[in-house]
Structure formats: structure tokens, C-alpha cells
Amino acid sequence: MTLEQKGEQLFAQLACNTCHMNPNSAVKAPDLNGLYGSKVELTDGRTVTADDAYLRESILIPGAKVRKGYQNQMPAYQGQVSEEQIVQLIAYMKSLATAGGGN
């Protein structure tokens, strides 16, 4: 399996798709389609680029940079996922860069 495929599998296993890829979810979470490489406005007014560093931090410490229009409801995965798994998840999220509009 490729890194992207392993990341997609892990994404589902960790139930990330429940909130991030489900518009009918009770938890309002950003859609990840088209996110990688886009500009993200944060609740504190700053704008950052959704690059590897941003995604890594968002997985490990989701409250560090909360996207405007959302509340931090995501659990922190620091100590819960390995470095290899983080790389896999980021590879999967990168593969979604052309999948949509990055809302």
C-alpha cells in the first residue's frame, strides 16, 4: 500500500471521516478536500498556509490553531499516533488537495 492508502485507512480507523468528511455530522469540522496548500483563516485573525507543519500540529494539538468558523472539538492525538502514522495521515490529506474547494 502507498503512504496515501495507509493514511486513508488510518483516517477511517481513527474515525476522522466521521466529522471531517460527513456534512451531516453533529460535530462541525472543516472539510479536508482541497485544504492542503490553501490559506486558512484562524479564529485569532491570523492566516496560515495548510502545509505539512500546520497539518501535523492540527493532528497533535488541534487547539493550537483553530480555523475561523469552527470550535476546537477534535481530540488531541499527541502520544496517540506514531510519527509514521502522522506521515501517512498527511500524505492522505495531501491527496485530497485536488479533490475539492478547500472550504
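Residues numbered from 1 in each chain as written. Predicted model: local features only at pLDDT ≥ 70, side-chain atom pairs only at ≥ 80, totals over all residues. Heavy atoms only, no water.

**Quick look at the layout of surface pockets**
Turning to step 1, where the next piece is worked out: Its boundaries defined by the atoms lining it, the largest pocket holds a volume of some 560 Å³.
Turning to step 2, where the next piece is worked out: In terms of lining residues, the largest pocket is bounded by 30 residues, among which His20, Pro30, Ser58, Pro62 and Met74 are the most central.
Turning to step 3, where the next piece is worked out: For the lining of the largest pocket, the secondary structure elements donating two or more residues are α2 (16–20), α3 (52–60) and α4 (83–95).
Turning to step 4, where the next piece is worked out: A total of four residues in the lining of the largest pocket trace back to one element, the largest contributor, which is α3.
Turning to step 5, where the next piece is worked out: Grouping the amino acids of the lining of the largest pocket by side-chain chemistry returns 22 nonpolar, five polar and three charged.
Turning to step 6, where the next piece is worked out: The space that makes up the second largest pocket amounts to roughly 150 Å³.
Turning to step 7, where the next piece is worked out: Lining the second largest pocket are 13 residues, with Cys19, Asn22, Pro23, Ala29 and Asp31 sitting closest to its centre. (1 Å grid on protein atoms, 1.4 Å probe; cavity = no way out; pocket = protein on both sides within 12 Å on 5 of 7 lines; lining within 4 Å. Points joined across faces, edges and corners; volume = space filled by probe spheres on them. Helix = DSSP H or I, 4+ residues; strand = E, 2+ residues; numbered from the N terminus. Nonpolar A, V, L, I, M, F, W, Y, C, P; charged D, E, K, R; others polar.)

**Overview of the side chain of serine 38**
Turning to step 1, where the next piece is worked out: Tracing the backbone shows serine 38 in the loop between α2 and β1 (39–41).
Turning to step 2, where the next piece is worked out: The contact partners of serine 38, leaving out residues within four places of it in the chain, are Val48, Thr49 and Ala50. (Contact = heavy atoms within 4.5 Å.)

**Quick look at the packing of aromatic side chains**
Turning to step 1, where the next piece is worked out: In the structure shown here, the tally under the stated rule is one aromatic pair.
Turning to step 2, where the next piece is worked out: A centroid spacing of 5.1 Å and a plane angle of 55° characterise the contact between phenylalanine 11 and tyrosine 92, whose relative ring orientation is tilted. With phenylalanine 11 in helix α1 (residues 3–13) and tyrosine 92 in helix α4, this pair connects stretches of sequence that are 81 residues apart. Tyrosine 92 shares its class with phenylalanine 11; the two are buried.
Turning to step 3, where the next piece is worked out: Over the ring of tyrosine 70 we find lysine 28, and its NZ or CZ is 5.3 Å from the ring centre. (Phe/Tyr/Trp six-rings, centres within 6.5 Å; stacked < 30°, edge-to-face > 60°. Buried < 20%, exposed > 50% of the residue type's maximum accessible area, 1.4 Å probe, protein only. Lys NZ or Arg CZ within 6 Å of the ring centre and 35° of its normal.)

Without other data, these values stay purely geometric and don't point to any function.
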